[in-house]
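One-letter residues, chain by chain:
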Amino acid sequence: MPTYEYLCTKCGHEMEAFQSMKDEPLKSCPACKRRALKRKVGGGAGLIFKGTGFYITDYKKKSGSKSDAGESKHAAKPSETKPAAAAAAK
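Calculation notes
- Residues numbered from 1 in each chain as written.
- Predicted model: local features only at pLDDT ≥ 70, side-chain atom pairs only at ≥ 80, totals over all residues.
- Heavy atoms only, no water.
- Salt bridge = Lys/Arg side-chain N within 4 Å of Asp/Glu carboxyl O.
- Helix = DSSP H or I, 4+ residues; strand = E, 2+ residues; numbered from the N terminus.
- Patch = residues over 30% accessible without salt bridge, like charges linked within 9 Å, V, L, I, M, F, W, Y side chains within 5 Å.
- Areas by Shrake-Rupley, 256 points an atom, 1.4 Å probe, with all protein chains shown as cover.
- Lys, Arg positive; Asp, Glu negative; His and termini not counted.
- Charge placed at Lys NZ, Arg CZ, Asp CG, Glu CD.
- Buried < 20%, exposed > 50% of the residue type's maximum accessible area, 1.4 Å probe, protein only.
- Polar contact = N/O pair within 3.5 Å; in protein donor to acceptor, adjacent residues only side chain to side chain.
- Contact = heavy atoms within 4.5 Å.
- Pairing = 2+ DSSP bridges.
- pLDDT = per-residue confidence, 0-100.
- Axes fitted to C-alpha atoms, helices over the stretch in contact; angles between N-to-C directions.

(A) Just the pattern of salt bridges, in detail. In the structure shown here, the tally under the stated rule is 2 salt bridges. Here Lys40 makes a salt bridge to Glu5, at a shortest N to O gap of 3.6 Å. Taken together, the positions of Lys40 in the loop between β3 (37-39) and α1 (55-58) and Glu5 in strand β1 (residues 3-8) put the pair 35 residues apart, joining distant regions of the chain. Note that Lys40 is salt-bridged to Glu14, the shortest N-O span being 3.6 Å. Here Lys40 is found in the loop between β3 and α1, whereas its partner Glu14 is found in strand β2 (residues 14-18), with 26 residues between them in sequence.

Encoded structure:
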């Protein structure tokens, strides 16, 4: 359920209300008791995925990780495999 921001056009009172999306907007200001409360248009909050079970935390490759560094070292030194292959062929 989202949190909506309200502003009273008569007294300037600002407030937040935790409401369902299906609920009607509030009308009465709790400060001045007038029916001048208007729902503000908000940009919302950014969505943040925390914990396990999300692509960004579980499956994304991290640069410089130990498994990546180990694989790149073996691929970067092909000269190590040539002498062993040459000795086996003799």
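(B) Just a positive patch on the surface, in detail. A surface patch of positive charge is lined by Lys27, Arg35, Lys38 and Arg39. Its place among the elements puts Lys38 in strand β3.

(C) Region of interest: the side chain of Gln19. On the secondary structure map, Gln19 appears in the loop between β2 and β3. Judged by its relative accessible area of 7%, Gln19 is buried. Polar contacts involving the side chain of Gln19 include one to the side chain of Tyr6, which spans 2.5 Å. With near-sequence residues (within four places) excluded, Gln19 lies in contact with Met1, Pro2, Tyr4, Tyr6, Glu24, Leu26 and Arg39.

(D) Seen up close, the pairing of β2. Alternating positions in β2 separate cleanly, Met15 and Ala17 being buried on one face and Glu14, Glu16 and Phe18 remaining unburied on the opposite face. From the end of β1 to the start of β2, which pair antiparallel, there are 5 residues, and Gly12 there has a positive phi angle of about 85°.

(E) Broad picture of the confidence of the model for the protein. On average, residues of the protein carry a pLDDT of 74, and 47% of them reach 70 or more. Averaged pLDDT values over the elements of the protein bottom out at 50 in helix α2 (residues 66-76) and peak at 94 in β3.

(F) Inspection of the sheet that holds β2 at higher detail. In spatial order, the strands read β2-β1-β3; together these 3 strands make up an open sheet with antiparallel pairing. Single-partner strands in this sheet number two, and they are β2 and β3. Each strand axis lies, on average, 35° off the axis of its neighbour in the sheet, ignoring direction. One ladder, built from 5 bridges, connects β1 with β2; its direction is antiparallel. Paired with Leu7 across the strands is Glu14, a residue of β2.

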